[in-house]
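Notes for the structure review
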Amino acid sequence: MEDPAPGDGAQNEPRIDSTVPQSARIWNYWLGGKDNYPVDRAAGDQFVGVYPQIVDVARHSRSFLSRAVRYLAAEAGIRQFLDIGTGLPTVDNTHEVAQRVAPEARIVYVDNDPLVLAHARALLTSSPQGVTDYIDADLRDPGRILAEAARTLDFDRPVALMLLNILGHVPEYDDARAIVTELMAALAPGSHLAVADGTDVLTGEAFRSAIDLWNDAGETPYHLRTPEQIGGYFDGLEILEPGVVSVSRWRAEPGPFGPPAEVDEFCAVGRKPPAGPA
């Protein structure tokens, strides 16, 4: 399959297997979307039967994305975003949140799910002042991602790297860390990293059993990480307050009954500091 040219979206019709559940479509189902098939809904319902909390995880995860991107654009002044593991378009995609703050923001989405590719044009509806692009690529090929993204992003200026619910698909933690290190090494000082992934520190065996079910049913196994491992992705970076926390607690406004309940997905946002003296 040829890569789409910048700003052109997907050019070829992707081959979509509607007989095997896929993570992007199941996640879309949990978020109330319509871009899924009966096999995805069946797998999603089976997962919810084992682990009902996953719907709250999915919704809080999406809210974290919105808050993080809003912070990065409004307070950190970031105008470039590299969102890897995009998923299917829903409400408040990265470019929508960023360009509401800064219409000139430039966003590159990366995914290798055929249905996400089929919907790539929905992710390319940039503001007139900004740019959005889509790359059909695998997280495990960071060199290619960087080469393709450089057609749209200026790596001499800060970039926000978004890795939400994607690093858990890399089986070996050390491999996942190496990917993050390679990606961040190419980005300018002042760039930011946002990571979120599932943990089992709150619900333990219940979530582990549900993940086993997920891995048996789908083609993209997922591996839970500890909050300490999520923090490890930020070695050499300045982790912003409030640190490594549940996605529901990252800079969320407390409700009338206090802060929102924690869910078993943890996150952090960090900043790449200026290079030290030679």
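Here's a quick rundown of the structure. Here the structure is a predicted model, which is why all the values come from computation and not from measurement. (Residues numbered from 1 in each chain as written. Predicted model: local features only at pLDDT ≥ 70, side-chain atom pairs only at ≥ 80, totals over all residues. Heavy atoms only, no water.)

Description of the overall build of the protein
Quick reminder of the rule: Secondary structure elements follow DSSP: runs of H or I no shorter than four residues count as helices, runs of E no shorter than two count as strands, and numbering proceeds from the N terminus. As defined in this context, the radius of gyration uses C-alpha atoms, and a globule is described by 2.2 Å times the residue total to the power 0.38. Each residue gets one of three labels from its accessible area relative to the maximum for its type: buried under 20%, exposed over 50%, partly exposed in between, using a 1.4 Å probe on protein chains only. Any two residues whose heavy atoms approach within 4.5 Å are treated as being in contact. Under the convention used here, a 1.4 Å probe and the Shrake-Rupley method define accessible areas, while residue burial counts only the protein chains that appear. Note that His is not counted, nor are the chain ends; the positive residues are Lys and Arg, and the negative ones are Asp and Glu. The atom standing in for a charge is NZ when the residue is Lys, CZ when it is Arg, CG when it is Asp and CD when it is Glu.
Within the protein, the regular secondary structure consists of 9 helices and 8 strands. Taken against the 2.2 N^0.38 rule, which gives 19 Å for 278 residues, the C-alpha radius of gyration of the protein at 18 Å falls within 12% of a compact globule. C-alpha extents for the protein along the principal axes are approximately 50 × 45 × 40 Å. Per-residue burial for the protein yields a buried fraction of 51% across its 278 residues. When contacts within the protein are restricted to residue pairs at least 6 apart in sequence, long-range pairs at least 24 apart make up 73% of them. Accessible surface for the protein amounts to roughly 12100 Å². Of this, 50% is attributable to carbon and sulfur atoms. One way to put it: in the protein the 23 positive side-chain charges average out to a point 5 Å from where the 41 negative ones average out.

Comments concerning the packing of aromatic side chains
Under the convention used in this document: Here a pair means two rings of Phe, Tyr or Trp (six-membered ring of Trp) with centres within 6.5 Å. Their orientation is stacked below 30 degrees between planes, edge-to-face above 60, and tilted elsewhere. Either the NZ atom of lysine or the CZ atom of arginine qualifies as a charge over a ring when it sits within 6 Å of the ring centre and within 35 degrees of the ring normal.
Under the definition given, this model contains 9 aromatic pairs. By way of ring pairs, the aromatic residues Trp27, Trp30, Phe47, Tyr51, Phe207 and Trp214 are connected into one cluster. Above the ring of Tyr71, the side-chain terminus of Arg251 is found at 4.6 Å from the ring centroid.

Quick look at the packing of helix α3 (residues 54-74) against helix α4 (residues 94-101)
How we decide: Axis lines are fitted through C-alpha atoms, for helices just across the contact stretch, and the angle between N-to-C directions can take any value from 0 to 180 degrees. Two helices that cross are described as forming a left-handed crossing if the nearer one is turned anticlockwise from the farther one by less than a right angle, and a right-handed crossing if clockwise. The residue classification treats Ala, Val, Leu, Ile, Met, Phe, Trp, Tyr, Cys and Pro as nonpolar and Asp, Glu, Lys and Arg as charged. All others, Gly included, are polar.
Direction vectors running N to C along α3 and α4 enclose 35°, while the axes themselves pass 9 Å from each other. As for how α3 packs across α4, the hand of that crossing is right-handed. Every residue of α4 that contacts α3 at Leu65, Ser66, Val69, Arg70, Ala73 and Ala74 is listed here: Thr94, Val97, Ala98 and Val101. For the contact of α3 with α4, the residue count by class is 7 nonpolar, 2 polar and 1 charged.

Here we look at the packing of helix α2 (residues 38-50) against helix α8 (residues 205-217)
The cut-off we apply is this: We call two directions roughly parallel when the angle between them is under 35 degrees, roughly antiparallel when it is over 145, roughly perpendicular when it lies between 65 and 115, and oblique otherwise.
Contact pair α2 / α8: the axes reach a minimum separation of 9 Å and the direction vectors enclose 160°. It follows that α2 is roughly antiparallel to α8 by the angle criterion. Two packed elements cross with a definite hand, and for α2 against α8 that hand is right-handed. Contact residues: α2 offers Gln46, Phe47 and Val50, while α8 offers Ala206, Phe207, Ser209, Ala210, Ile211, Leu213 and Trp214. Residues belonging to the contact of α2 with α8 are distributed by class as follows: 8 nonpolar, 2 polar and no charged.

Considering the side chain of Asn36
For clarity, the cut-off: We define a polar contact as two N or O atoms separated by no more than 3.5 Å, with the added condition that, inside protein, one atom must be a possible hydrogen donor and the other a possible acceptor, whereas residues neighbouring each other in sequence contribute only through side-chain atom pairs.
In this structure, Asn36 sits in the loop between α1 (23-30) and α2. Only 3.0 Å separates the side chain of Asn36 from the side chain of Asn28, close enough to count as a polar contact. In this structure the side chain of Asn36 is engaged in a polar contact, spanning 3.2 Å, whose partner is the backbone oxygen of Gly33. Each residue touching Asn36, except ones within four places of it in the same chain, is listed here: Arg25, Asn28, Tyr29 and Arg41.

Digging into the environment of Arg225
Tracing the chain through its elements places Arg225 in the loop between α8 and α9 (227-232). With relative accessibility at 5%, the residue Arg225 sits in the buried group. For the pair formed by Arg225 and Glu96, sequence separation is 129 residues and the distance between their alpha carbons is 29 Å. Once residues within four sequence positions are removed from consideration, Arg225 is found in contact with Leu167, Gly168, Val170, Pro171, Glu172, Tyr173, Ala176, Gly198, Thr199, Asp200, Ile230 and Tyr233. Polar side-chain contacts of Arg225 include one of 3.5 Å to the side chain of Tyr233.

Examining the pairing of strand β5 (residues 192-198)
How we decide: The pairing criterion is simple: DSSP has to find at least two bridges between the two strands.
Of all 7 residues in β5, 7 are buried, a share of seventy percent or more. With burial as the criterion, each face of β5 is covered, one bearing His192, Ala194, Ala196 and Gly198 and the other bearing Leu193, Val195 and Asp197. Relative to β5, strand β4 (residues 160-164) is paired through 5 bridges, and the arrangement is parallel. When the sheet's bridge partners are listed, Ala160 is paired in β5 with His192. Both β5 and strand β8 (residues 265-271) contribute to a ladder of 7 bridges, which runs antiparallel. Paired with Asp197 across the two strands is Phe266, which belongs to β8.

Here we look at the pairing of β8
Counting buried residues in β8 gives 6 out of 7 residues, a clear majority hidden from the surface. In this structure, strand β6 (residues 238-239) lies alongside β8, joined through 2 bridges in antiparallel fashion. Bridging across to β8, Glu238 finds its partner in Arg271. For strand β7 (residues 245-246) and β8, the ladder comprises 2 bridges, and the chain directions are antiparallel. Bridge assignment links Val245 to a residue of β8, and that residue is Cys267.

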